[in-house]
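Results of the structural survey
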Amino acid sequence: MNQSQARPNPVWSFLVGLWRFVDFANHLFFNLIMGFLLLVFLVLLGAAFSAGSGNSGYGPLKEKTALVLDLEGTLVEQYTSAPIERAFAQASGNPQREIQLRDLTRAIAAAKDDKRIDRIVLLTDGFAVPGFAALRELGAALRDFRSGGKQVIAYGAGIEQKQYYLAAQADEVYLDPNGMVLLEGLGRYRLYYRQALQEKLGVDVHLFRVGEYKSAAEPYILDAASPESREADLFWMNDLWNRYLDDIASARKLSREQLVGFVAAMPERVQAAKGDIAQLALDNKLVDALKTPHQIEKLLSERGEFDEERGSFRQIDLNAYLRQLGPANSLIAGGDQVAIVVASGEIVDGKQAPGTVGGESTAELIRSAREDDSVKALVLRVDSPGGGVFPSEQIRREVALMREAGKPVVVSMGNVAASGGYWISMNADRIYADPSTITGSIGIFGLWMSAPRALEKIGVHSDGVGTTPLAGAFDITRPLDPNAGAIIQSVIDHGYAQFIGMVAKARDSQPEKIDEVARGRVWSGAQAKERGLVDALGGLREAQAEAAKLAKLEKDKYEVRYIEPQVSPIDQFFLDLSRNARTAAMMRSLGPVSSLIGRDASERVTRELAWLQGGNGTAPIRTVAHCFCGL
């Protein structure tokens, strides 16, 4: 063998080396995935073991225990975060950022009859509430707890007005000496983008709508709110604010005039108090005393029982107490059930995770209730500002089929059930709303964006030919063709006529009468009842009782079950991860805007412009039943 034959082939060596690298990378990737899954399994196992033990470090529940409701987080109808995220948060000791309304009301109701619980301690700092309807339900639960002779004590440092509504329901309200109670009234201010879109960027936004009050998309074509928008918003906001004042006055044994005067003269009163806003709250009887956290602990230890191990008063938190109670849906096989389906969030196409209402996924949940022989009635809990017309119609059809199957449907409106949120509600046997629910906004609109002027700014022009005058009419690189505009407006007109026609049929009325209270106008729940858009005022508990009554179920002879979307923890985790990645990318694109207006405002801009991205949709004409009417 000569020297040339002994030398290895360079191509072969490269291929062998490449194969070894690929094999190594494959094993490395597989091991990383398996390691991640093992970690997930251990975390979930630890969380399950903790849940099964039922104590979370508290031990068996003893007499004279205080239920501590630390409300730092956002009140939601159902979790929007992935189960795996919640498991990791629990394992790492991080506070849960979302608090389900149903968990709070269940714990409060159970504590009322639990002889081991002698009081509730309400910590309001960091509590975020999207609306007033859920807040009023929670307030009613606290009042019911107090009716059993047990005490509620509230404490906070920075108590804003929604937090104060809850605190006011307590027997005693305590404030940190360096804290404040801030009541300011209701306001709704939006960002307007016409100048930025049309003059700065050269994007022309065309709005097609029916109804002068359908103002959801006005910010993309105007620089300020229209007179109709101002009139309608102030009408329903005044109703909510007056009810808030009445509820607070009743709870604190004050008059509405005292509260109105306090808010109106706050600048002068703060100056007179030399900036001591905590003392000002005490002087005006909004709180009972100023105390530090240490003083509160001492007070509760004296009234309850001192826990030597904890070095504080005997207590249990919400999550630990819920584990003491056991699963909420511990059903008896074959027993009669009232099912609850939650429709919370924007209404969009397809299958969606909790926090968004999917036309297909929510319809499937209702369908599963219809096909389940154990389910005798359905409560549809709606907390949605609406969204797409087509997914809204998918859900409405399933509601109608449920009734055709002989199973009654009762809608319980949460904070918001407007526009598409009303669309999915209208065919129920009965509609319940809280007086402070935001509803109505019966109307639809369409947005069309065209960008020839934006392209011209960078020297790009559109030109060509078509076989018909309509060919290319829906091309966003060209100016909107008047014929295309006429088509879109006709579709919107038809959609609105369809909407009010269906409402009229469902509400046993006439389209002309519905049109008088529709045209996109928003109402409070109390105002909607006066106008025949809802049947009764009440919360989820009243809706459940009505559903059972319509199904002729005996009291205490049926069970209540939430029907939730089946999303695996891994799927939800990566879905949320992708959502966060998209948000982060858009935030980066805002760049200087974010630094100028701050994180909260820039996130608002991101959401609203991201929503606008769907204006043209995947189809040439997209109709929307959406209401930007939250508080």
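For the structure, see preceding data.
Residues numbered from 1 in each chain as written. Predicted model: local features only at pLDDT ≥ 70, side-chain atom pairs only at ≥ 80, totals over all residues. Heavy atoms only, no water.

1. Comments concerning the overall build of the protein chain
Counting secondary structure elements, the protein chain contains 24 helices and 25 strands. Burial status across the protein chain gives 48% buried among its 631 residues. Total accessible area on the protein chain is roughly 30700 Å²; 54% of this is exposed by carbon and sulfur atoms. (Helix = DSSP H or I, 4+ residues; strand = E, 2+ residues; numbered from the N terminus. Buried < 20%, exposed > 50% of the residue type's maximum accessible area, 1.4 Å probe, protein only. Areas by Shrake-Rupley, 256 points an atom, 1.4 Å probe, with all protein chains shown as cover.)

2. Details of the nonpolar core
One finds Leu67, Leu69, Tyr164, Val181, Tyr244 and Leu286 to be the most contacted residues of the largest nonpolar core, which totals 65 residues. Looking at this core element by element, the count peaks at eight residues for helix α8 (residues 227-252). Formed by 52 residues, the second largest nonpolar core is a distinct cluster that contains Ile431, Ile492, Ile500 and Leu533. (Core = buried A, V, L, I, M, F, W, Y, C linked by side-chain atoms within 4.5 Å.)

3. Overview of the sheet that holds strand β4 (residues 117-123)
Across the sheet, six strands lie side by side as β9-β7-β6-β4-β1-β12; this open sheet has parallel pairing. Of all strands in the sheet, those with a lone pairing partner are β9 (289-290) and β12 (315-317), marking the two edges. (Pairing = 2+ DSSP bridges.)

4. A word on the pattern of salt bridges
Taken as a whole and judged by the stated rule, the model has 32 salt bridges. A salt bridge links Asp114 to Arg116, with the shortest nitrogen-to-oxygen separation between them at 3.0 Å. Asp114 gets classed as buried once you look at its relative accessible area, which sits at 10%. Here Arg396 makes a salt bridge to Glu393, at a shortest N to O gap of 2.8 Å. Taken as a pair, Arg396 and Glu393 lie in helix α15 (residues 389-404) at a separation of three residues, close to a single helical turn. The exposure class of Arg396 is buried, given its relative accessible area of 13%. When its relative accessible area of 8% is taken as the criterion, Glu393 is described as buried. (Salt bridge = Lys/Arg side-chain N within 4 Å of Asp/Glu carboxyl O.)

5. Considering the environment of Glu160
Locating Glu160 in the fold gives a position in strand β6 (residues 151-160). Residues Glu160 and Ala128, spaced 32 residues apart in sequence, show a C-alpha to C-alpha distance of 9.7 Å. In this view, Glu160 contacts Phe127 and Leu182; residues no more than four positions away in its chain are not counted. In terms of polar contacts, Glu160 uses its side chain to reach the backbone amide nitrogen of Lys162, at 3.2 Å. (Contact = heavy atoms within 4.5 Å. Polar contact = N/O pair within 3.5 Å; in protein donor to acceptor, adjacent residues only side chain to side chain.)

6. Topic: the sheet that holds strand β2 (residues 73-76)
The three strands are arranged β3-β2-β5 in an open sheet whose pairing can be described as parallel. The sheet is open, and its two borders are formed by β3 (98-100) and β5 (127-128), each paired with just one other strand. Sheet topology note: the β2/β5 ladder contains two bridges and is parallel. Residue pairing across strands places Gly73 opposite Phe127, the latter belonging to β5.

7. So, the state of the cysteines
Here, the word disulfide means a covalent bond between the sulfur atoms of two cysteines. According to the stated counting rule, one finds one disulfide in the structure shown. Two residues share a disulfide in this structure: Cys627 and Cys629, whose sulfurs sit 2.1 Å from each other. The exposure classification of Cys627 matches that of Cys629, with both residues buried. (Disulfide = S-S within 2.5 Å.)

8. Description of the pairing of strand β19 (residues 430-433)
Alignment of strand β18 (residues 409-418) against β19, held across four bridges, turns out to be parallel. Bridged to Ser412 within β19 is Tyr432. As judged from the two bridges shared by β19 and strand β23 (residues 536-537), these two strands associate in the parallel manner. Residue Ala433 lies in a different strand from β23, and its bridge partner there is Leu537.

9. Things to note about helix α14 (residues 359-371)
For α14, spanning 13 residues, the distance from its first C-alpha to its last is 18 Å, which sits close to the expected 18 Å at 1.5 Å a residue. Here the buried face of α14 lies against β13 (337-344), β14 (347-348), β15 (357-358), β16 (375-384) and α15. (Expected span 1.5 Å × (residues − 1).)

10. Overview of the side chain of Ser384
Position of Ser384 among the secondary structure elements: in strand β16. Beyond its immediate stretch of four places on either side in the chain, Ser384 contacts Ala343, Gly345, Glu346, Ile347, Val416, Ala417, Ala418 and Gly421.

11. A few points about the packing of α8 against helix α9 (residues 256-264)
Close contact between α8 and α9 brings their axes to 9 Å; oriented N to C, the two are set at 115°. The way α8 lies across α9 gives a crossing that is right-handed. Of the residues in α9, those touching α8 at Trp241, Asn242, Leu245, Asp246, Ile248 and Ala249 are Arg256, Leu259, Val260 and Val263. When its residues are assigned to classes, the contact of α8 with α9 shows seven nonpolar, one polar and two charged. (Axes fitted to C-alpha atoms, helices over the stretch in contact; angles between N-to-C directions. Left-handed = near helix turned anticlockwise from the far one by under 90°. Nonpolar A, V, L, I, M, F, W, Y, C, P; charged D, E, K, R; others polar.)

12. Brief notes about the environment of Gly158
If you trace the backbone, Gly158 turns up in strand β6. The exposure class of Gly158 is partly exposed, given its relative accessible area of 40%. Counting along the chain gives 34 residues from Gly158 to Thr124, while the straight-line C-alpha distance between them is 8.4 Å. Look past the residues within four positions of Gly158 in its chain and what remains in contact with it is Asp125, Gln163 and Met180.

13. With respect to the pairing of strand β21 (residues 445-450)
With six of six residues buried, β21 lies mostly within the body of the structure. Residues Phe445, Leu447 and Met449 point to one face of β21 and Gly446, Trp448 and Ser450 to the other, with burial holding for every one of them. As judged from the six bridges shared by strand β8 (residues 204-209) and β21, these two strands associate in the antiparallel manner. Its bridge partner being in β21, Arg209 is matched across the sheet by Phe445.

Fair warning: the whole summary comes from geometry, so function is off the table for now.
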